[in-house]
Amino acid sequence: MKAFLALCLAVMLSFIIVPNIPENVQEKSGASDKIITQPVTAEETKEKQTAPAFTEDIAKKQANLFIEALKQETDENYRVLNYSNKEEYMTYLTNFVSKDLAAYYTDGLFEERESSLYIIPTELPPWLEESEPVIIKQLSDHSYRVHQKNESDLYGSYEITLGFEYMNGKWIITFASVD
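Residues numbered from 1 in each chain as written. Predicted model: local features only at pLDDT ≥ 70, side-chain atom pairs only at ≥ 80, totals over all residues. Heavy atoms only, no water.

### Regarding the overall build of the protein chain
Moving on, step 1. The number of helices and strands found in the protein chain is five helices and eight strands.
Moving on, step 2. Starting at the N terminus and ending at the C terminus, the protein chain contains elements arranged as α-β-β-α-α-α-α-β-β-β-β-β-β.
Moving on, step 3. Sorting the 179 residues of the protein chain into buried and exposed places 28% on the buried side.
Moving on, step 4. Pairs at least 24 residues apart make up 49% of the contacts formed inside the protein chain by residues separated by at least 6 positions.
Moving on, step 5. Just so you have it, the protein chain exposes about 12500 Å², and 53% of that area is on carbon and sulfur atoms. (Helix = DSSP H or I, 4+ residues; strand = E, 2+ residues; numbered from the N terminus. Buried < 20%, exposed > 50% of the residue type's maximum accessible area, 1.4 Å probe, protein only. Contact = heavy atoms within 4.5 Å. Areas by Shrake-Rupley, 256 points an atom, 1.4 Å probe, with all protein chains shown as cover.)

Here it is as structure tokens:
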């Protein structure tokens, strides 16, 4: 306990003794001093790629490919036949969605037991309907939001919003929200 208190005291003293770093960082160049006030955006840090046109067809195709990828062939005990663990399956899903979405859906719909991957028997989540129109909003050259209002017997009325980004040479779903 004494060691912990000493450590806390040392950390507090370091904040008092160490000089404050100014809020505005100055860039020193041979010509003149300039204050950097413009934040670097995520778009500027990405490797610049020319994204192909984003269309309703691309949105619906990618959404459909992902929902179809969630349907896995199983044996009579719901053991997935083509993948042996969540990590392997999530790697496959990243062809259609971001790693975060792949993990979210895999954790919700699958479980690992006895060194195998099992599907949890349930319905697929509410999703984009190919036969219904969508509203597309462009956020940047590499980012779009797709919105659709739907109704189903199972879920009733719902609205779905999917975020798409152009990454590693393809459009992938990076965001999904159902209200």
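Here the narrative resumes.
### Digging into the packing of helix 3 (residues 56-70) against helix 4 (residues 86-93)
For any two helices packed against each other, one specifies the crossing angle of their axes together with the interaxial distance.
Moving on, step 1. Where helix 3 meets helix 4, the closest approach of the two axes is 10 Å, and the angle between their N-to-C directions is 160 degrees. With respect to helix 4, the element helix 3 is oriented roughly antiparallel. Here helix 3 and helix 4 pass one another in a crossing that is right-handed. Taken together, the residues of helix 4 that come into contact with helix 3 (itself represented by Phe66, Ala69 and Leu70) are Tyr89, Tyr92 and Leu93.
Moving on, step 2. Residues of the contact of helix 3 with helix 4, tallied by class, amount to six nonpolar, no polar and no charged. (Axes fitted to C-alpha atoms, helices over the stretch in contact; angles between N-to-C directions. Parallel < 35°, antiparallel > 145°, perpendicular 65-115°, else oblique. Left-handed = near helix turned anticlockwise from the far one by under 90°. Nonpolar A, V, L, I, M, F, W, Y, C, P; charged D, E, K, R; others polar.)

### What to know about the sheet that holds strand 8 (residues 170-178)
Moving on, step 1. One open sheet accounts for four strands, arranged 5-6-7-8; its pairing is antiparallel. Sheet topology places strand 5 (135-140) and strand 8 at the edges, where each strand pairs with a single neighbour. Along the sheet, successive strands turn relative to each other by an average axial angle of 25 degrees, direction set aside.
Moving on, step 2. One ladder, built from eight bridges, connects strand 7 (residues 156-167) with strand 8; its direction is antiparallel. Of the residues in strand 8, the one forming a bridge with leucine 162 is alanine 176.
Moving on, step 3. Together, strand 5, strand 6 (143-152), strand 7 and strand 8 form the strand contacts of helix 3, whose direction differs from that of strand 8 by roughly 75 degrees. (Pairing = 2+ DSSP bridges.)

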